[in-house]
Amino acid sequence: MKGLTRRSLLAATATLPLFAVAATAQSSELTYAGSGGGLAQVMDILFDKPFEAETGIRIRAIATTDRISAMRAMMQAGNPIWDVAELTPVEYATASIEGWLEPIDWSVADPDNLLPEEAKLEDAGVAATFSTILAQRTDMLPEGQQMASWADFWDVEAFPGPRALQDSVMENLEFALIADGVSPREVYNVLSTEEGVDRAFDKLDEIKPHVAAWWSAGAQPVQMLADGEVAFTTAWNGRITQLRQDGIPVETMWNGGALKPSYVGILKGTQHKTEAEQYIHFMIGDPERSAEFAAMVAYPGMVQGLYDHLDPEVGRELPTHPDNMASQFVVDAVFWARNMDALQERWQEWLLD
Amino acid sequence: MMRFGERLTLLPAALLVLAMFAVPVAFVFAEAIFTPGFSLAHFDRFFSRPVYLSVYLNTLVVSAVVASICLVIGYPMALFIVSQPPARRPLLLFLVLVPLWMSILVRTYAWMVVLGREGIINGALQWAGLTDGPLTLMFTTGAVFVAMVQILLPIMVITCYSIMTEIDPTLVRAARICGASGLAAFRKVFLPLSMEGAITGWSVIFILSMGFFIVPALVGGRRDVLLGNMIVNQVGQANWGFAGALAIILLVSTIVLLGLVRLVMGRFVYSPREAQA
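Conventions used here
Residues numbered from 1 in each chain as written. Chains lettered and ligands numbered in written order. Predicted model: local features only at pLDDT ≥ 70, side-chain atom pairs only at ≥ 80, totals over all residues. Heavy atoms only, no water. Helix = DSSP H or I, 4+ residues; strand = E, 2+ residues; numbered from the N terminus. Buried < 20%, exposed > 50% of the residue type's maximum accessible area, 1.4 Å probe, protein only. Contact = heavy atoms within 4.5 Å. Areas by Shrake-Rupley, 256 points an atom, 1.4 Å probe, with all protein chains shown as cover. Core = buried A, V, L, I, M, F, W, Y, C linked by side-chain atoms within 4.5 Å. Domains from an automatic or database assignment. Buried area = accessible area lost by both parts, 1.4 Å probe. Salt bridge = Lys/Arg side-chain N within 4 Å of Asp/Glu carboxyl O. Polar contact = N/O pair within 3.5 Å; in protein donor to acceptor, adjacent residues only side chain to side chain. Nonpolar A, V, L, I, M, F, W, Y, C, P; charged D, E, K, R; others polar. Axes fitted to C-alpha atoms, helices over the stretch in contact; angles between N-to-C directions. Parallel < 35°, antiparallel > 145°, perpendicular 65-115°, else oblique. Left-handed = near helix turned anticlockwise from the far one by under 90°. Pairing = 2+ DSSP bridges. Patch = residues over 30% accessible without salt bridge, like charges linked within 9 Å, V, L, I, M, F, W, Y side chains within 5 Å.

Q: Requested: an account of the overall build of chain B, with residues and values cited.
A: Each helix and strand in chain B was counted, giving 14 helices and 0 strands. In chain B, the succession of helices and strands from N to C terminus is α-α-α-α-α-α-α-α-α-α-α-α-α-α. Seen through its principal axes, chain B has C-alpha atoms that stretch 70 × 70 × 30 Å. Looking at chain B as a whole, 40% of its 277 residues are labelled buried. Sequence-distant contacts in chain B: of pairs separated by 6 or more residues, those separated by 24 or more amount to 73%. Accessible surface computed for chain B: about 15100 Å², of which carbon and sulfur atoms make up 75%.

Rendered as structure tokens:
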């Protein structure tokens, strides 16, 4: 310890801030809060690396869950450590209502005007879409039959076999109403009334004894289908495509599926707003790149011309393909952001009952 | 009395606990009482809706049952290890500890493989012709107990073992010389001296169980909801106030219950160190 004098220590600490300043000035870096896993690997190849090569801006992608609480903590601290975040419908609606997102300048994020209006919100863009659909093990179906509607899922006489649903009030109420004869377009009109909610829960009463498992993570229905633990379950579409490629006999039912956009937003207070808008353009505004992305992860964006660059075989498996789009409904993020708390409580009571 | 210099050695740990635990917890608690303004609305919600009380009671029952099953299985295991020659004990302890190194998630998924409809147990039963169709083992309360006990059992074994090694074996020998049968010597001398370890193990497992949520979510049925699951749920919906209230209720009731356990059991417990003194 002899060599370390007080003076040398002082000198060392004095130079530290200089290094720090130099580091921030030269490296432009964006922190992207995504979901990690396979999606992040695909994004790294298709978006992050080419974006850095083109602009010199490095993307630091981090795997996150529970982004609402994290964002709330950042906003309370007044210091966002993320620049851009991927958001589920309810996360987006909450963040938007709370004012946690920067308004996006679409002249930077979509200069060629290739995105449809519904993909360009004031404070977020639609990054990708995915659907909650009904997945069925075809080898566990009655000979020569297949479920074609939510009414079939409810029909335990015609389609015997263990079932699973997500432990989530969102979407299950919608599915129940569709099974009860409500048209997918009318679902939220019915749900916004007290009687509509009662009607959905009454319909769910019918199926409750036949549901073996209530899943909470997206990997669970995949695992349960693969193991034969259940024959019919709701699941996220991309994972079922993947499961079929792995050789498990599963079929997707698009009719009455719940289409959910995933949003990308810029956090309020970021130091890199323009860079973030450039990145969003790179991510969601280029038909060719979006088609490549959709081919790899099955969660397509909404940019015009995407399906022109996509193998029709692949396109048919995707939620925004014209054939699949028609029979689905779009999850109403704002309805759920407003009503989630009360309905979740009722759902919990209903499950324990 | 400790000298000032000795107390100073605790300072880094105390600062760490203060900065990394006490302060954040205080923020969470403040959130429960002050969002939006000062009110006990979150607590009122908890006590006025039956769903929360029933989840709360379920959490207490599951934790107590899991801790008790661990005690019944773990205490004899520790006793067996202590009775072995000292050279063999490290290997046995190693075998007890191995599962602790695996993540809870991995072990829970392993139970899904064992208990599933096409899992190992159902496969074996049907192969042996004991059952015609698959039994429902997964997504049941039983599956929650099995998985939690398997995860927490090593803690009980280790706690009991460490107290048992502190018991002076000559005390038991003295009892035998004075004419006590083997069983009586165990019951009157060894059991009371090892009680401290048993109660500590039970308490630690009870505390840990109170906070479990992954296991019931993955292998339990729709009624197997613990308070931990509720907190996760509320945090996910950005209801920090209510989540904070649930966390306070969990913490306070755990402390009160453990205090009661200590108070009642304190009469029956003799520390091996006391016996030596």
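There's plenty left to go through after this.
Q: Would you mind going over the nonpolar core in detail, with residue names and values included?
A: Counting residues in hydrophobic clusters, the biggest one holds 138 residues, and the most contacted among them are Tyr 279 and Met 283 of chain A together with Val 219 of chain B. Ranked by the residues each element gives to this core, the list is headed by helix α8 (residues 141–166) of chain B, at 14 residues. Here this core spans two domains, and each of domain 1 (28–129 + 261–325) and domain 2 (130–259 + 329–352) of chain A adds at least three residues to it. For Tyr 279 of chain A, the contacting residues outside a window of four places in its chain are Leu 30, Tyr 32, Met 43, Phe 47, Asp 48, Phe 51 and Ile 59 of chain A. In this structure, Leu 141, Leu 191, Ala 200 and Phe 201 of chain A belong to the second largest nonpolar core, which totals 41 residues.

Q: Let's hear about the interface of chain B and chain A: which residues, and what values?
A: Tallying the contact residues gives 27 residues for chain B and 28 residues for chain A. Taken together, both faces of the contact between chain B and chain A bury some 2600 Å²; the carbon and sulfur share is 49%. Between the two partners, chain B and chain A, sit 4 salt bridges. Residue Arg 45 of chain B is joined to Asp 341 of chain A by a salt bridge in which the shortest nitrogen-to-oxygen separation is 3.5 Å. The tally of links between chain B and chain A comes to 11 residue pairs in polar contact (both at pLDDT 80 or more). Looking at the side of chain B that touches chain A, the elements that each hand over two or more residues are α4 (50–83), α11 (214–219) and α12 (227–236) of chain B. In terms of residue count, the dominant contributor to the side of chain B that touches chain A is α12 of chain B (5 residues). Here the side of chain B that touches chain A is composed, by residue class, of 13 nonpolar, 7 polar and 7 charged.

Q: Tell me what's going on with the environment of Glu 54 of chain A, and back it up with residues and numbers.
A: Mapped onto the fold, Glu 54 of chain A is located in helix α2 (residues 37–55). As for Glu 54 of chain A and Ala 291 of chain A, which are separated by 237 residues in sequence, their C-alpha atoms are 20 Å apart.

Q: Which residues make up the environment of Val 330 of chain A, and what are the values?
A: Residues and elements named next belong to chain A. Looking at the element boundaries, Val 330 is found in strand β9 (residues 329–330). A residue is classified by how much of its surface remains accessible, and Val 330, at 45% relative accessible area, is partly exposed. With 146 residues separating them in the primary sequence, Val 330 and Pro 184 have C-alpha atoms 8.9 Å apart.

Q: Talk me through the environment of Leu 208 of chain B; I want residue IDs and the actual numbers.
A: All names here are of chain B. Turning to its location among the elements, Leu 208 is positioned in helix α10 (residues 182–210). Take Leu 208: its relative accessible area is 37%, and that puts it in the partly exposed class. Residues Leu 208 and Asp 168 lie 40 residues apart in sequence; the distance between their C-alpha atoms is 31 Å. Beyond its immediate chain neighbours, meaning those up to four positions away, Leu 208 contacts Leu 152 and Ile 155.

Q: Can you explain the side chain of Asn 172 of chain A? Please cite residues and give values.
A: Residues and elements named next belong to chain A. Structurally, the position occupied by Asn 172 is in helix α7 (residues 172–179). Accessibility expressed as a relative area gives 3% for Asn 172, which makes it buried. There is a polar contact of 2.9 Å between the side chain of Asn 172 and the backbone oxygen of Ser 168. Those residues in contact with Asn 172 that sit more than four places away from it in its chain are Leu 165, Gln 166, Leu 204 and Trp 347.

Q: Pulling in residues and values, what's your account of the domain arrangement of chain A?
A: Residue and element names in this part refer to chain A. According to the domain assignment, chain A consists of domain 1 (28–129 + 261–325) and domain 2 (130–259 + 329–352). Inter-centroid distance (C-alpha atoms) of domain 1 to domain 2 is 27 Å. Counting from both sides, the interface comprises 17 residues of domain 1 and, opposite them, 17 residues of domain 2. Regarding the contact of domain 1 and domain 2, the summed buried area is about 1400 Å², with carbon and sulfur atoms giving 70% of it.

Q: So what about the packing of helix α3 (residues 67–77) of chain A against helix α4 (residues 89–98) of chain A? Which residues, and what values?
A: Residue and element names in this part refer to chain A. At a closest axis distance of 10 Å, the pairing of α3 and α4 adopts a crossing angle of 20°. Between α3 and α4, the angle falls in the class roughly parallel. In the crossing of α3 with α4, the sense of the turn from one axis to the other is right-handed. In this structure, α3 uses Arg 67, Ile 68, Met 71 and Arg 72 to contact α4, whose residues at the interface are Val 90, Glu 91, Thr 94, Ala 95 and Glu 98. Its residues assigned to classes, the contact of α3 with α4 comprises 4 nonpolar, 1 polar and 4 charged.

Q: So what's going on with the pairing of strand β8 (residues 250–266) of chain A? Which residues, and what values?
A: Residues and elements named next belong to chain A. Within β8, 15 of the 17 residues are buried, leaving the element largely enclosed by the surrounding structure. Examined bridge by bridge, strand β3 (residues 84–87) and β8 share 4 bridges and lie antiparallel to one another. Paired with Leu 87 across the bridge in β8 is Tyr 263. Where strand β4 (residues 125–137) lies against β8, 11 bridges are found, and the strand directions are antiparallel. Its bridge partner lying in β8, Thr 129 is registered against Pro 261.

Q: Describe a nonpolar patch on the surface, naming the residues involved and giving the relevant values.
A: Residue and element names in this part refer to chain B. A surface patch of nonpolar side chains, amounting to about 740 Å² of accessible area, comprises Phe 4, Leu 8, Leu 11, Leu 15, Leu 18, Val 23 and Phe 27. Elements with a minimum of two residues in the nonpolar patch: α1 (4–8) and α2 (11–34). Counting residues per element, the nonpolar patch draws most heavily on α2, at 5 residues. As for its placement among the helices and strands, Leu 11 is situated in helix α2.

Q: Run through the pairing of β3 of chain A, naming residues and quoting values.
A: All names here are of chain A. Residues Val 84 and Glu 86 point to one face of β3 and Ala 85 and Leu 87 to the other, with burial holding for every one of them. Bridge analysis of strand β1 (residues 29–34) against β3 gives 2 bridges, and the strand direction is parallel. Residue pairing across strands places Ala 33 opposite Ala 85, the latter belonging to β3.

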